[in-house]
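Coordinate analysis (summary)
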Amino acid sequence: MEVRILENEDNCLKFLINGISIPIANALRRIMIAEVPSMTIDDVIVIENSSPMNDEILALRLGLIPLKTDLDSYFLPEECTCQSELGCNQCSVTLTLEAKAEESIRTVYSKELNSTNPDITPANSGIPILKLGYGQSVRLECYARLGKGKVHTKWQPVSACTYKYASVIDINLEKCNFCKRCIKACPKNVLKKEKKKITFVEIEKCDLCNECVFACPIDAIQVEKLKDTFIFMIESTGALTAERIIYESNKILINKTKDFQEQLLKIKSGEIK
Ligand SMILES: [Zn+2]
């Protein structure tokens, strides 16, 4: 197996993985979307809200603000020993919001949420929550908890998680007459003319659209997918780093396999039927 990072900028990670089958690639993608936990606001107690936005919509908007997540210090509520409705300091973080429009109409932003844990704060400080008219105010207490995307998308740690087949381009240099039609046809600018031959740059940009193959009048170019090589593109919401999301998804996949193996052994030994 080979893993190669192609791009790593801000919350986006693009990497190539070779030597896995499509069910494994898809399992990793689905785990990243639905099973890697992240922290977000789950309960809101509205103490005061004189804004035009009703309490339910306000709570929904608060839930959609990604929070920086510390997976090592908190438990999922269902795994915490407290089993209490509002949680304890091992499974819940309290954030408060107090805002008033004293002089003119103003927008309340995510940076105004005060957290009891300075490490659990909104991943982006500039997310607008609501607008307050002159004299209006809002006072809330929010409880953030770990959760999984399969329960509610607000817990999804990725805003995008996709993969595609890596491609291989074969140019028959004996046939090729350098008409350059393939270069013009490629929407991703993967092909270029170098000295006296057609070559490719950044092949990972190839989407297997086959425009170059259709443009070539003498069938001198072939594009095929590599069946065991995938290019993953992950965009984190900011709750966790993209690297941590991949690491956690792999850990979950390994644990699922171990569980399956244990169940099979129990059936074999007659412990369960
Ligand atoms: Zn607890």
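This section reports on the structure supplied with the text. Values in this document were obtained by computation on a predicted structure and should not be read as measured data.

1. A short note on helix α1 (residues 22–34)
If you check α1, its first and last C-alpha atoms are 18 Å apart, about what 13 residues at 1.5 Å a residue would give, namely 18 Å. Along α1, the residues classified as buried are L28, I31 and M32. End-on view of α1: buried residues confined to an arc of 100 degrees, all on one side of the axis. In α1, the exposed positions that point more than 90 degrees away from the buried face belong to I22, P23 and N26. Elements in contact with the buried residues of α1: β9 (158–171), β12 (221–236) and α5 (242–269).

2. Some remarks on the environment of R4
Among the secondary structure elements, R4 is positioned in strand β1 (residues 2–9). Given 11 C-beta atoms within a 10 Å radius, R4 is considered exposed. If we skip the residues at most four places from it in the chain, R4 touches F15 and L16.

3. Focus: the nonpolar core
Grouped together as the largest cluster of nonpolar side chains are 42 residues, with contacts concentrated most on M32, M39, C142, A144, I234 and I245. If one sorts the elements of this core by residue count, strand β8 (residues 137–147) sits on top with 5 residues. For this core, the domains that each give at least three residues are domain 1 (2–34 + 159–234) and domain 2 (39–155). With sequence-adjacent residues up to four places away left out, I245 is seen in contact with M32, V36, P157, V158, I234, S236 and L240. Counting residues in each nonpolar core, the second largest holds 13 residues, with I169, I198, C206 and I221 among its members.

4. Topic: the packing of α1 against α5
Two numbers describe how α1 lies on α5: the axes approach to 9 Å, and their chain directions differ by 110 degrees. As summarised for this structure, α1 and α5 are arranged roughly perpendicular, according to the angle between their axes. Remark: the crossing between α1 and α5 carries right-handed chirality. Within the contact between the two elements, α1 uses A27, L28, I31 and M32 and α5 uses I245, S249, I252 and L253. Taken together, the residues of the contact of α1 with α5 break down into 7 nonpolar, 1 polar and no charged.

Criteria and cut-off values
Counting starts from 1 at the beginning of each chain's written sequence and moves along it residue by residue. Where local features are concerned, this predicted model is filtered to residues with pLDDT of at least 70; where side-chain atom pairs are given and counted, the filter is 80 or more; whole-chain, interface and lining totals use all residues. Helix and strand definitions here come from DSSP, where helices need a minimum of 4 consecutive H or I residues and strands a minimum of 2 consecutive E residues; each element is numbered from the N-terminal end. Expected helix span is taken as 1.5 Å per residue step, with the number of steps being one fewer than the number of residues. Residues with at least 20 other C-beta atoms within 10 Å of their own are called buried, those with 12 or fewer are called exposed, and the rest are partly exposed. The C-beta atoms themselves are positioned from the backbone. The directions considered for the arc run from the helix axis to the C-beta atoms. By the convention adopted here, residues make contact when the C-beta atoms placed from their backbones lie within 7 Å. To form a nonpolar core, buried Ala, Val, Leu, Ile, Met, Phe, Trp, Tyr and Cys residues must be joined through C-beta atoms within 7 Å. An automatic or database domain assignment is the source of the domain bounds shown. The convention used is that axes are lines fitted to C-alpha atoms, helices contributing only their stretch in contact, and that angles between N-to-C directions extend from 0 to 180 degrees. Orientation labels follow simple angle bins: below 35 degrees gives roughly parallel, above 145 gives roughly antiparallel, 65 to 115 gives roughly perpendicular, and whatever is left gives oblique. Two helices crossing with the near one rotated counterclockwise from the far one by less than a right angle form a left-handed crossing, whereas a clockwise rotation gives a right-handed crossing. All residues other than Ala, Val, Leu, Ile, Met, Phe, Trp, Tyr, Cys, Pro, Asp, Glu, Lys and Arg, Gly among them, are scored as polar; the first ten of these are nonpolar and the last four charged.

Geometric descriptors of this kind do not, in isolation, establish any biological role.
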